[in-house]
Amino acid sequence: MITSGAADFQQWLQLQDKADWLRDYRQRCEQVKAELLARAQNQLAAGQDPEKVMAELATKLSNRLMHSPTRAIRQLLQSNQPEASELVKVLVDL
């Protein structure tokens, strides 16, 4: 019973480390969103065309959020690890 509790605790510790990484990633995404939203709001306040501002916001947001993960996925796929393709499919929900 103690061994089981120790194993559960060890697993919990490992998850906490990963939870910190996920929290940091989400915070970075939120920072990107806030930065680009502020820029778009300034453009709108300056009288720029709302449709163009929204299209630019959508493009820049998706590009900024996809850049690092896409680069990492490309490196993973180039590693020629047999399980890499399946892992990528799961990660990107394909």
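In this text the structure is predicted, and so the values were computed from the model without any measurement.

Student: In this structure, what is going on with the nonpolar core? I would like to understand it.
Tutor: Counting five residues, the largest nonpolar core is built from V32, L36, A40, V53 and L57. Among the elements of the structure, α1 (2–45) and α2 (50–78) are those that each provide at least two residues to this core. Per element, the largest residue contribution to this core is three residues, and it comes from α1. Dropping the residues within four chain positions of it, L57 is found in contact with L36, L37 and A40.

Student: For this particular structure, what's the right way to read a nonpolar patch on the surface?
Tutor: Taken together, L87, L91, V92 and L94 make up a surface patch of nonpolar side chains, about 420 Å² in accessible area. When its relative accessible area of 59% is taken as the criterion, L91 is described as exposed.

Student: What is the right way to read the layout of surface pockets from this model?
Tutor: Empty space among the atoms becomes apparent when a probe as large as a water molecule is rolled across them. The calculated volume of the largest pocket comes to roughly 400 Å³. Class assignment for the residues of the lining of the largest pocket results in 11 nonpolar, two polar and one charged.

Student: Before we go on, may I ask you to explain α2 in this structure?
Tutor: It helps to recall that an α-helix has 3.6 residues per turn; residues three or four apart then point in one direction. Compared with the 42 Å implied by 1.5 Å per residue over 29 residues, the 41 Å span of α2 between its first and last C-alpha is a close match. One or two steps after α2, the chain reaches N80, where phi turns positive at roughly 60 degrees.

Student: Got a minute to help me understand empty space enclosed by the protein in this structure?
Tutor: Considering all chains together, one arrives at one cavity of 30 Å³ or more under this definition. Looking at the largest cavity, its volume works out to about 40 Å³. The wall of the largest cavity is formed by L36, R39, A40, Q43, V53, E56, L57 and K60. When contributions to the lining of the largest cavity are tallied by element, the ones reaching two or more residues are α1 and α2. Its residues assigned to classes, the lining of the largest cavity comprises four nonpolar, one polar and three charged.

About the thresholds
Residues numbered from 1 in each chain as written. Predicted model: local features only at pLDDT ≥ 70, side-chain atom pairs only at ≥ 80, totals over all residues. Heavy atoms only, no water. Core = buried A, V, L, I, M, F, W, Y, C linked by side-chain atoms within 4.5 Å. Buried < 20%, exposed > 50% of the residue type's maximum accessible area, 1.4 Å probe, protein only. Helix = DSSP H or I, 4+ residues; strand = E, 2+ residues; numbered from the N terminus. Contact = heavy atoms within 4.5 Å. Patch = residues over 30% accessible without salt bridge, like charges linked within 9 Å, V, L, I, M, F, W, Y side chains within 5 Å. Areas by Shrake-Rupley, 256 points an atom, 1.4 Å probe, with all protein chains shown as cover. Salt bridge = Lys/Arg side-chain N within 4 Å of Asp/Glu carboxyl O. 1 Å grid on protein atoms, 1.4 Å probe; cavity = no way out; pocket = protein on both sides within 12 Å on 5 of 7 lines; lining within 4 Å. Points joined across faces, edges and corners; volume = space filled by probe spheres on them. Nonpolar A, V, L, I, M, F, W, Y, C, P; charged D, E, K, R; others polar. Expected span 1.5 Å × (residues − 1).

Taken by themselves, the reported measurements are silent on function.
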